[in-house]
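# A structural walkthrough
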Amino acid sequence: MMDAVSTELRVAAGEQLTLNVEPLLHEIRHGLARLLENAVATTIDLRGIPLAPGEEARIIKVLGTGEVQAHMSALGPSEIMETRFPGVWLVTHYNSENEVIGKFIEVCDMPQILKAQAEDIREGLAQLTAQLA
Amino acid sequence: MSNEKTLGEVLRQQGVTRRGFLKFCAATASLMALPPAMVPRIAAALENARRPSVIWLSFQECTGCTESLTRSHSPTVEGLIFDAISLDYHHTLQAAAGDGAELAREKAMEENYGNYILVVDGSIPLANPGFSTIAGISNLEMLEETAKGAAAIVSVGSCAAFGGIPHASPNPTGAVAVSDIIKDKPIINVPGCPPIPVVITGVLAHFLTFGSIPELDALGRPLAFYGKSIHDRCYRRPFYDKGQFAETFDDEGAKLGWCLYKLGCKGPTTYNACATTKWNEGTSFPIEAGHPCLGCSEPGFWDGGGFYKAISMPTEDLTRTAVYAIGAGAAAGIALGAVNRARKARAVKAHEKVTIDDLEKDS
């Protein structure tokens with residue numbers, strides 16, 4: 001199965017300028033294996049890797065769109081999207097002017113930022129309690 | 001001055017949720033060029049970080065560094081970092097003027113003695129103190145006085161870091177860098193003309209997060225941003241390796257996006273984060289726009305012999321470069337420059353368009 005996927009994703013050398021596209025896809029593949037075997041998550045900062053114009057789009061196209069897409073609104077919008085490979089997420093953070101301030105590939109069960117946070121739950125509980133008093 | 005509050009408290013007061021805070025931390029890690037695995041540590045440190053007082057002094061400069069900073073992604077996560085510091089003196093940005101402004105500086109120095117961050121942009125003239133003064137105080141005097149109580153100094157821009165354009169030959173004002181004057185304080189050089197805005201905020205974020213200065217290179221620059229050459233991280237690098245170069249700005253090579261080395265690109269000798277961090281909200285950087293790197297984050301870049309002249313000597317491993325040069329079928333060094341000039345001349349004749357020869361005064 002993995003071999004079939006790898007073959008399908010192989011990027012022809014002529015289609016990539018920096019030669020970083022295929023290694024990055026392999027890093028994702030290794031990340032998925034680690035997640036499955038050891039429950040260890042991996043995060044890749046796409047803005048920390050030199051990519052030629054169009055190469056990021058190429059990676060995103062290869063990863064495709066999966067079953068889950070979430071929109072978050074905290075300090076500007078964020079988009080959290082599972083790719084067609086379960087456990088591989090594309091997380092894009094924007095500022096309040098819709099400029100990208102962070103773009104990450106997360107290999108995990110679910111990105112941490114999607115979970116309700118204890119501090120926010122505590123504050124919400126206090127607000128609801130006050131409202132019902 | 002409200003540096004008694006922690007950053008966590010400041011953000012919560014602004015209605016920022018924990019989710020928002022985690023997003024802030026993820027973007028800050030990216031900003032500081034730290035691995036995403038560091039986010040939990042950054043979150044823990046930032047939660048309890050206290051707002052440091054910052055005094056910003058502008059000397060012989062063009063205000064480009066401040067322009068770069070204030071026009072970056074505003075309002076954004078970096079904006080929040082500025083909420084997280086107490087910018088107590090910046091004569092371009094502050095509302096106060098005259099005696100009121102100078103009183104703000106003196107008050108900040110007194111109340112935060114030994115703990116404030118001093119940011120400097122611009123070089124300092126030594127030939128005649130009257131060449132550049134603020135409120136009648138010479139740049140030299142103001143720097144020496146303000147540096148005494150600083151925890152650290154951040155020299156923003158190539159002028160403060162290395163003397164920059166005012167220092168260029170014949171240096172009529174006797175301009176020098178901050179590090180030529182102050183010898184007893186940690187100095188972080190953040191060169192560039194101007195520096196990348198997020199690199200400036202990234203350095204401040206590092207200080208805010210870890211309470212210490214980042215790891216620096218031999219020229220005092222943070223390794224996180226200046227640790228790799230433009231050339232090493234350039235998406236056009238594979239063309240260099242294959243010996244495919246643009247010979248003029250409008251030839252086939254230029255249209256195909258080939259390496260700009262022969263057009264004078266200083267990428268191989270320039271250390272900065274442009275190739276990954278990029279400019280204008282991460283849109284592109286000069287080489288991506290088709291122009292060679294000028295090397296603006298290196299000392300003496302203005303006197304480097306011409307922006308459009310190919311650098312004559314490689315700075316990296318000579319054996320490797322020799323292999324590349326053989327691969328390119330091109331002679332290195334001065335001979336390469338001569339070959340370039342001949343090719344450029346032919347291209348001018350053939351195209352009758354603007355080339356580097358037209359731009360290069362003395363070739």
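For clarity, every value in this text was computed on a predicted model and none was experimentally measured.

All names here are of chain B. Within the open sheet, the five strands sit side by side as E2-E1-E3-E7-E9. Their pairing is parallel. Two strands close off the open sheet at either side, each with one partner strand: strand E2 (86-90) and strand E9 (187-190). Sheet twist, expressed as the mean angle between neighbouring strand axes with direction ignored, is 20°. Sheet topology note: the strand E7 (residues 150-156)/E9 ladder contains four bridges and is parallel. By the bridge assignment, serine 155 is partnered in E9 with asparagine 189.

Right, let's talk about the layout of surface pockets for a bit. Estimates place the volume of the second largest pocket at around 600 Å³. Together, 26 residues line the second largest pocket, and Thr43, Glu106 and Gln112 of chain A together with Pro36 and Val39 of chain B are the ones closest to its centre. Those elements giving two or more residues to the lining of the second largest pocket turn out to be strand E1 (42-45), strand E4 (88-94) and strand E5 (100-107) of chain A together with helix H2 (18-31) and helix H3 (39-48) of chain B. Taken together, the residues that form the lining of the second largest pocket break down as 17 nonpolar, five polar and four charged.

This next bit is on the pattern of salt bridges. All names here are of chain B. Scanning the model with the defined rule gives 13 salt bridges over all chains in all. Arginine 105 is the partner of glutamate 102 in a salt bridge, and the nearest nitrogen-oxygen pair spans 3.1 Å. Placement of the pair is glutamate 102 and arginine 105 together in helix H6 (residues 98-111), with a separation of three residues, close to one helical turn. As far as burial versus exposure is concerned, glutamate 102 and arginine 105 are alike and both buried. Put simply, glutamate 247 and lysine 262 hold a salt bridge, and the shortest N to O gap is 3.2 Å.

Here we take up the interface of chain B and chain A. Think of interface size as the accessible area that goes away when the parts come together; that is how it is often given. The interface is formed by 27 residues belonging to chain B together with 35 residues belonging to chain A. Here chain B meets chain A over a buried area of about 2600 Å², counting both sides, of which 62% is carbon and sulfur. Considering only the surface of chain B that becomes buried against chain A, Arg19, Lys23 and Tyr235 of chain B emerge as the three largest contributors, covering 28% of it. At the junction of chain B and chain A, the tally comes to one salt bridge. Note that glutamate 119 of chain A is salt-bridged to arginine 18 of chain B, the shortest N-O span being 3.4 Å. The interface formed by chain B and chain A includes 13 residue pairs in polar contact (both at pLDDT 80 or more). Looking at the side of chain B that touches chain A, the elements that each hand over two or more residues are H2, helix H5 (77-83) and helix H12 (237-242) of chain B. Sort the elements by how many residues they give to the side of chain B that touches chain A and H2 of chain B lands first, with nine residues. Tallied by class, the residues present in the side of chain B that touches chain A amount to 12 nonpolar, eight polar and seven charged.

Residues and elements named next belong to chain B. Partitioning chain B into structural domains gives domain 1 (7-226), domain 2 (230-303) and domain 3 (320-360). A separation of 28 Å is found between the C-alpha centroids of domain 1 and domain 2. Each partner contributes to the interface: domain 1 provides 22 residues, whereas domain 2 provides 15 residues. In this assembly, domain 1 packs against domain 2 so that about 1400 Å² is buried in total across both faces, 68% of it on carbon and sulfur atoms. Run the count over domain 1 and domain 2 and you get one salt bridge. With a shortest N-O distance of 2.7 Å, arginine 221 and glutamate 298 are connected by a salt bridge.

All names here are of chain A. All buried positions along helix H3 (residues 55-63) are accounted for by Glu55, Ile59, Val62 and Leu63. Seen along its axis, H3 keeps its buried residues to an arc of 100°; they face one direction. Looking at H3, the residues exposed on the side facing more than 90 degrees away from the buried face are Ala57 and Lys61. Glycine 64 lies just past H3 and shows a positive phi near 65°.

All names here are of chain B. Here serine 169 and proline 170 are connected by a cis peptide whose omega angle stands at 10°. Along the chain, proline 170 turns up in the loop between helix H9 (164-167) and strand E8 (175-176). Omega for the bond connecting cysteine 193 with proline 194 falls within 30 degrees of zero, at 0°, which places this linkage in the cis form. Along the chain, proline 194 falls in the loop between E9 and helix H10 (197-210). Unusually for a residue other than glycine, lysine 278 sits at a positive phi of about 65°. When you line up the elements, lysine 278 lands in the loop between helix H14 (274-277) and helix H15 (318-328). Given a relative accessible area of 14%, lysine 278 falls into the buried group.

What counts, and at which threshold
- Residues numbered from 1 in each chain as written.
- Chains lettered and ligands numbered in written order.
- Predicted model: local features only at pLDDT ≥ 70, side-chain atom pairs only at ≥ 80, totals over all residues.
- Heavy atoms only, no water.
- Pairing = 2+ DSSP bridges.
- Helix = DSSP H or I, 4+ residues; strand = E, 2+ residues; numbered from the N terminus.
- Axes fitted to C-alpha atoms, helices over the stretch in contact; angles between N-to-C directions.
- 1 Å grid on protein atoms, 1.4 Å probe; cavity = no way out; pocket = protein on both sides within 12 Å on 5 of 7 lines; lining within 4 Å.
- Points joined across faces, edges and corners; volume = space filled by probe spheres on them.
- Nonpolar A, V, L, I, M, F, W, Y, C, P; charged D, E, K, R; others polar.
- Salt bridge = Lys/Arg side-chain N within 4 Å of Asp/Glu carboxyl O.
- Buried < 20%, exposed > 50% of the residue type's maximum accessible area, 1.4 Å probe, protein only.
- Contact = heavy atoms within 4.5 Å.
- Buried area = accessible area lost by both parts, 1.4 Å probe.
- Polar contact = N/O pair within 3.5 Å; in protein donor to acceptor, adjacent residues only side chain to side chain.
- Domains from an automatic or database assignment.
- Arc of directions from axis to C-beta.

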